[in-house]
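# Survey of secondary and tertiary structure
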Amino acid sequence: MRYRQLTTGTLALGVILLIDVLRVWLPGIITIFGQAASTPAELMGAFALGWFVLALGAPAVVRRVGARPVVVVAAVVLALARLALTAAPGGRTQLWLATAGLLAGLVWLIGVAADTDRPVPGLALGFAVNAALHAVWDTVDVVWWGTWVAWLFSSVVVLLFLLGTAQPVARAGDGGARAWLLAGPALLLAGMVALSPALARTGMSYLFAGDGVAGSPLFGLAPVPVAVAAFLFTASTRPPRGWGRAYGPVALLVGALLFALDRGDLLIPAVLLTAVGLGACLALTDDDNRPNETAETEPTGAGSGTTSDVTSATAARRGYAVAIGMLVFALGAVGYYSAYDLGYPNAAVPVVVAGLVAVVAFTAQPVVQWLPGPFPPLRAAAAVTALALLAPVVADEVPVASNRDGPPERLTVVAYNIRMGFGLDGRFDLTGLTEVVERQRPDVVLLSEVDRAWLLNGGHDTLDVMADRLGMPYVFAPAADPVWGDAVLSRWPMDDARSLPLPAVGAPTGAQALGVTLDLSDGVRTAVVSTHLQPPPGQGPVVQARAVADFAIRYAAGRPLVVAGDMNTEPGDEAFEQFTAAGLVDALAAARPLATSPADDPREQIDHIFVSADLTPSDPVAPRSTASDHLPVAVTVTLPPR
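Now for a description of the structure that goes with this document. These numbers come from a predicted model, not from an experiment.

Along strand β11 (residues 561-566), six of the six residues are buried, which leaves the element largely enclosed by surrounding structure. Where strand β10 (residues 525-532) lies against β11, six bridges are found, and the strand directions are parallel. Note on β11: the bridge partner recorded for Val528 is Val562. With helix α20 (residues 542-556) bridging β10 and the parallel β11, this β-α-β connection has right-handed handedness. Of the strand pairs in this sheet, β11 and strand β13 (residues 607-611) are connected by five bridges, and their pairing is antiparallel. If you follow Asp566 over to β13, its bridge partner there is Asp607.

Dropping the structure here:
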């Protein structure tokens, strides 16, 4: 293998490992460092940003001791941390392992920048391969599997990365700082939009329901190979000349704007346009290097620092460029997602980051003599796309609901706030969630705090994966944005889905009420409403509770009715009484007090199931589990005689 190919491949492997660590570290800020939403958002933001600020000191270290020792030590720490995280230890051990891996990854990237003048091929390949694998894994990375397959895969990637790092590197030219500056912003836009399999599938799911709600899609991951192919091909081919160079920046800005509009029906064009634009923008910065005629044949010795062809100032410039770019990643991620805690508008964040990428790319020096990349663009794009094409085949499942023989006499209902899939120990624990739900043998499951693509939570499509494991189709309604909200899963067919946005009343996170109708065959139909009330600071969710109760009664139109979810109100509170005043019955009354939060020491009764008077509830229970910070609540309801 030529040195340029080796450098590119090793950079891609390191990027894959760093993204894997980020998918553990970012959720850990909320679920481990932040304790059940009691930790101030400002403190969590300071913790997150602090490590990226600390990495700004790495270029000075590289300049003093040389790039090679820094790269080797940081690579070993990154590799060991990534391998240790495969054990999914949970708790503070997991948080500090991920933090060590993150800081090592940042330092490694800065060290690599000192000796690499053409990072775009390696960065693009790393982003694309990681996205393809994330799709093939059904958006649940192997780091959470805990199986021999996870250990084998992780060990192979780590070994190849370390072997590549141990090899001598090619001599670098003087350019590359502009491309390195875009590493962080490109990582943010790729993870949030362009190369997010979960976002692509969520966008597809909106095409299968309509009226602002989403349903179980056919071939939900089908857009992923298209996005991967478009991104990798545009990133690795020569950009047009003249004003044709503007197509990438324009496509990127339009895609970011579509994403910022927070509309489910615009997610697919947002993904595809952002993928094309991001790849093209990276290609525009792949020209500010100068050919080094000896680069292919005269590697730098393994024990040397920066190469003799590159001044220490040039190496430092590239190092600071990548450090600043990664700080932009952190600021963008923290700024975008902390808005859901602090309540300020965040739609401008992806647009501003896309604008930064577009300006840096478009103002790059136009290509005079295009240098072929280390891998043939068409073949490289085809190979990674072929990997991504496995995702719609091996990862896409579509549970099918069907009428059984005649309407049932009873329905078992489960309501569960799943905290985006993360347990009290900070582990992504869909197995624990599905096991506690399955033990209740549910006919209908109502879920709160459903995350379908947030980069902050690891980019998982929690709902679709959980629906596959339960074998139940879903209907999803957005609350905070198109990928965060509430859902209903049912073994019976659902139709007439409607969502009502609830008054914000000062609460930063949005709320809604989702109504669906169960077709129990032979003309028997039951209405189900799923919600998650968000109280304003220091108050109860009275206004929202009244709105949900009114919506549910109107929606049911005299049919049997179930209303359930995380209500954030206790029995006897004014908000709780809005439901009983509307004629609904507390289905859990026979088991009171029935505390559901926090899951490890439940003291609050804030998760509820209400039913209409013609339904008879029995066997109410809140089974113990720490797969979320709430306990699920379950009840069996007997339908009225026909």
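Back to the text.
What follows concerns the side chain of His134. By the secondary structure assignment, His134 is in helix α6 (residues 120-136). With residues up to four places along the chain from it excluded, the contact list for His134 reads Arg23, Thr139, Val140, Asp141, Pro197, Gly458, Gly459 and His460.

This part covers the sheet that holds strand β12 (residues 585-586). Strands sit in the order β8-β9-β10-β11-β13-β12 across an open sheet of six strands; the sheet is mixed. Only two strands of the sheet have a single neighbouring strand rather than two, namely β8 (494-501) and β12. As judged from the seven bridges shared by strand β9 (residues 512-519) and β10, these two strands associate in the antiparallel manner. When the sheet's bridge partners are listed, Val516 is paired in β10 with Val528. Sitting on the sheet, α20 touches β8, β9, β10 and β11, and the angle it makes with β10 is about 165°. Most of the contacts of helix α21 (residues 574-581) go to β13, to which it runs at about 15°, and overall it touches β11, β12 and β13.

Turning next to the pattern of salt bridges. Evaluation of the coordinates by the stated rule reveals 14 salt bridges. Where Asp138 meets Arg201, a salt bridge forms, and the shortest distance between an N and an O atom there is 2.8 Å. Linking Asp138 in the loop between α6 and α7 (148-166) with Arg201 in helix α10 (residues 197-206), this pair joins segments that are 63 residues apart in sequence. When sorted by exposure, Asp138 lands in the same class as Arg201, which is buried. A salt bridge links Asp265 to Arg263, with the nearest nitrogen and oxygen atoms 2.7 Å apart. Salt bridges sharing common partners tie together Asp138, Arg201, Asp396, Arg452, Asp461 and Asp464.

Ordered by their spatial adjacency, seven strands build an open sheet running β2-β6-β7-β5-β4-β15-β14, and the pairing between neighbours is mixed. On the outer flanks of this sheet lie β2 (214-215) and β14 (616-621), each paired with one strand and no other. With four bridges connecting them, β14 and strand β15 (residues 633-638) associate as antiparallel partners. Bridged to Thr616 within β15 is Thr638.

Summarising the element assignment, Gly215 is placed in strand β2. For Gly215, a relative accessible area of 5% gives the class buried. When the C-alpha atoms of Gly215 and Val120 are compared, they prove to be 38 Å apart, with 95 residues separating the residues in sequence. With residues near it in sequence (within four places) discarded, Gly215 still touches Ser205, Phe208, Ala209 and Tyr474.

A word on the packing of helix α4 (residues 67-85) against helix α5 (residues 91-114). Running from N to C, α4 and α5 cross one another at 150°; their axes reach a closest spacing of 7 Å. In terms of orientation, α4 and α5 fall into the roughly antiparallel class. Here α4 and α5 pass one another in a crossing that is left-handed. Counted together, Ala67, Val70, Val71, Ala74, Ala75, Val77, Leu78, Ala81, Ala84 and Leu85 of α4 and Gln94, Leu97, Ala98, Ala100, Gly101, Ala104, Gly105, Val107, Trp108, Gly111, Val112 and Ala114 of α5 form the full contact between these two elements.

This paragraph deals with the nonpolar core. In terms of nonpolar packing, the biggest core is built from 160 residues, with Trp25, Trp180 and Leu489 touching the most fellow members. If you tally residues by element for this core, the top one is helix α1 (residues 3-33), at 16 residues. Setting aside residues up to four positions removed in sequence, Trp25 forms contacts with Phe47, Ala48, Trp51, Phe52, Leu95, Ala98, Thr99 and Leu102.

Taking 1.5 Å per residue, 14 residues should reach 20 Å; helix α11 (residues 223-236) reaches 20 Å between its end C-alpha atoms and fits that length. Pro223, Val224, Pro225, Ala227, Val228, Phe231, Leu232, Thr234 and Ala235 are the residues of α11 that are buried. Of the surrounding elements, those touching the buried residues of α11 are α6, α9 (183-194), α10, α12 (247-260), α13 (267-284) and α17 (377-394).

Attention shifts here to unusual backbone geometry. Residue Arg592 is joined to Pro593 through a cis peptide bond whose omega torsion reads -5°. Structurally, Pro593 can be placed in the loop between β12 and β13. Between Ser597 and the following residue, Pro598, the backbone shows a cis peptide bond with an omega angle of -5°. Positive phi values are uncommon outside glycine, yet Arg419 reaches one of about 45°. Within the secondary structure, Arg419 sits in the loop between β4 (410-417) and α18 (430-438).

Definitions and cut-offs
Residues numbered from 1 in each chain as written. Predicted model: local features only at pLDDT ≥ 70, side-chain atom pairs only at ≥ 80, totals over all residues. Heavy atoms only, no water. Buried < 20%, exposed > 50% of the residue type's maximum accessible area, 1.4 Å probe, protein only. Helix = DSSP H or I, 4+ residues; strand = E, 2+ residues; numbered from the N terminus. Pairing = 2+ DSSP bridges. Right-handed = clockwise from strand over helix to strand, strands pointing away. Contact = heavy atoms within 4.5 Å. Axes fitted to C-alpha atoms, helices over the stretch in contact; angles between N-to-C directions. Salt bridge = Lys/Arg side-chain N within 4 Å of Asp/Glu carboxyl O. Parallel < 35°, antiparallel > 145°, perpendicular 65-115°, else oblique. Left-handed = near helix turned anticlockwise from the far one by under 90°. Core = buried A, V, L, I, M, F, W, Y, C linked by side-chain atoms within 4.5 Å. Expected span 1.5 Å × (residues − 1).

By themselves these figures say nothing about function.
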